[in-house]
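Now for the letters of each chain:
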Amino acid sequence: DTAVSQTPKYLVTQMGNDKSIKCEQNLGHDTMYWYKQDSKKFLKIMFSYNNKELIINETVPNRFSPKSPDKAHLNLHINSLELGDSAVYFCASSPTLVSGNTIYFGEGSWLTVV
Amino acid sequence: GNSVTQMEGPVTLSEEAFLTINCTYTATGYPSLFWYVQYPGEGLQLLLKATKADDKGSNKGFEATYRKETTSFHLEKGSVQVSDSAVYFCALSDDDTGNQFYFGTGTSLTVIP
């Protein structure tokens, strides 16, 4: 029944590795997002997709690559992980690109790079 | 451009105290305003929202009024409980920017018995 689900919830990996975080929403929404939350709880948008099309691509290293196989899924792949990538990554979705629509968040993926 | 500024935390209150968390915004269009809450170890959940000026959003005893004249959306609760301990985020979305959400920096609230 989870509306926005992401896996894994916890991930500990070594520097230099490549990892992926998967996200799925069962709300029928057109728009999906990836946010990064740092240790001070600051939320930064990374990417936004609308109907599988990239809409927002903030200043994020090329090592981060989103992939949307269909509008219910938005996966995040990270190459050559660095210590500074340690954070909580939140997937989210919203109905359409219209102001007033609520954004729904997943429970987060805690990434620790050692 | 669009931005949200909310009061710095952390905030510590005794149970049953009155809560105010200030939030002001700048926007190019006519934004919708939101408060989200993040409980420890969880994702963000919508607490309340208001989509036009003078609207009041309310939920679980929390309320906030969309004040266009002061560009504010302050969160209030008359009597906080220990279970309200969380991080609170003010946010806006704006049609002019394709419904991109802009979040404040978050305010951590701890309520002590």
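In the block above lies the structure referred to throughout.
What this report covers is the structure whose coordinates are included nearby. As a convention, each chain's residues are numbered from 1 in the sequence order in which they are written. Think of it this way: whatever chain is written first is A, whatever ligand is written first is 1, and the rest follow in order. This being a predicted model, a pLDDT of at least 70 is required before a residue's local features are given, and a value of 80 or more before pairs of side-chain atoms are given or counted; all residues contribute to the totals for chains, interfaces and linings. To obtain the side-chain values, all non-hydrogen atoms of the structure were included, while hydrogens and water were left out.

## Brief notes about the layout of surface pockets
Residues are said to line a cavity or pocket when one of their atoms sits within 4 Å of a point; the points come from a 1 Å grid over protein atoms alone, cavities being sets where a 1.4 Å probe fits but cannot get out and pockets being open sets with protein on both sides within 12 Å along at least five of seven lines. Grid points are joined across faces, edges and corners, and a volume is the space filled by probe spheres set on the points. Counted as a void, the largest pocket has a volume near 270 Å³. Every residue lining the largest pocket is counted, 15 residues in all, and those nearest its centre are A:Tyr104, A:Phe105, A:Gly106, B:Leu44 and B:Gln45. A run of H or I in DSSP becomes a helix once it reaches four residues, and a run of E becomes a strand once it reaches two; helices and strands are each numbered from the N terminus. Only β10 (104-105) of chain A together with β6 (44-50) of chain B provide two or more residues apiece to the lining of the largest pocket. Among the elements that make up the lining of the largest pocket, the one with the highest residue count is β6(B) (3 residues). Note that Gly is not counted as nonpolar here; it falls among the polar residues with everything else outside the nonpolar set of Ala, Val, Leu, Ile, Met, Phe, Trp, Tyr, Cys and Pro and the charged set of Asp, Glu, Lys and Arg. Classifying every residue of the lining of the largest pocket by side-chain character gives 8 nonpolar, 5 polar and 2 charged. Quantified by volume, the second largest pocket comes out at close to 210 Å³. Taken together, A:Lys40, A:Lys41, A:Phe42, B:Met7, B:Glu8, B:Gly9, B:Pro10, B:Val87, B:Thr105, B:Gly106, B:Thr107 and B:Ser108 make up the lining of the second largest pocket.

## Overview of unusual backbone geometry
Following A:Thr7, the chain continues to A:Pro8 via a peptide bond in cis, the omega torsion being 0 degrees. As for its position among the elements, A:Pro8 is in the loop between β1 (4-7) and β2 (10-13). In this chain, B:Gly9 is followed by B:Pro10 through a cis amide linkage whose omega measures -10 degrees. With respect to the helices and strands, B:Pro10 occurs in the loop between β1 (3-6) and β2 (11-14).

## Quick notes on the sheet that holds β1(A)
Residues and elements named next belong to chain A. Taken in spatial order, the 4 strands line up as β1-β3-β8-β7 in an open sheet, and their pairing is antiparallel. Two strands in the sheet have a free side with no partner beyond their single neighbour: β1 and β7 (64-70). Across this sheet, the average inter-strand angle for adjacent strands is 20 degrees, counted without regard to direction. One bridge is not enough; two strands pair if DSSP finds at least two bridges between them. Looking at chain direction, β1 and strand β3 (residues 19-25) are connected through 4 bridges and run antiparallel. The partner of Gln6 across the bridge, within β3, is Cys23. Axis definition: a line fitted to C-alpha atoms, limited for helices to the stretch in contact. Angles are taken between N-to-C directions and run from 0 to 180 degrees.

## Topic: the pattern of salt bridges
Just to be clear on terms, a salt bridge is a Lys or Arg side-chain nitrogen sitting within 4 Å of an Asp or Glu carboxyl oxygen. A full pass over the atoms with the stated rule returns 7 salt bridges over all chains. With a closest N to O distance of 3.5 Å, B:Glu63 and B:Lys56 form a salt bridge. The rule is simple: take the accessible area with a 1.4 Å probe, protein chains only, and divide by the maximum for that residue type; under 20% is buried, over 50% is exposed, in between is partly exposed. B:Glu63 sits in the partly exposed class, given a relative accessible area of 33%. When the shortest N-O distance is used, the salt bridge between B:Lys77 and B:Asp84 registers 2.8 Å. For the pair shown, B:Lys77 and B:Asp84 are each scored as buried. Each of the salt bridges in this network shares a partner with another, and the network as a whole consists of A:Arg63, A:Glu82 and A:Asp85.

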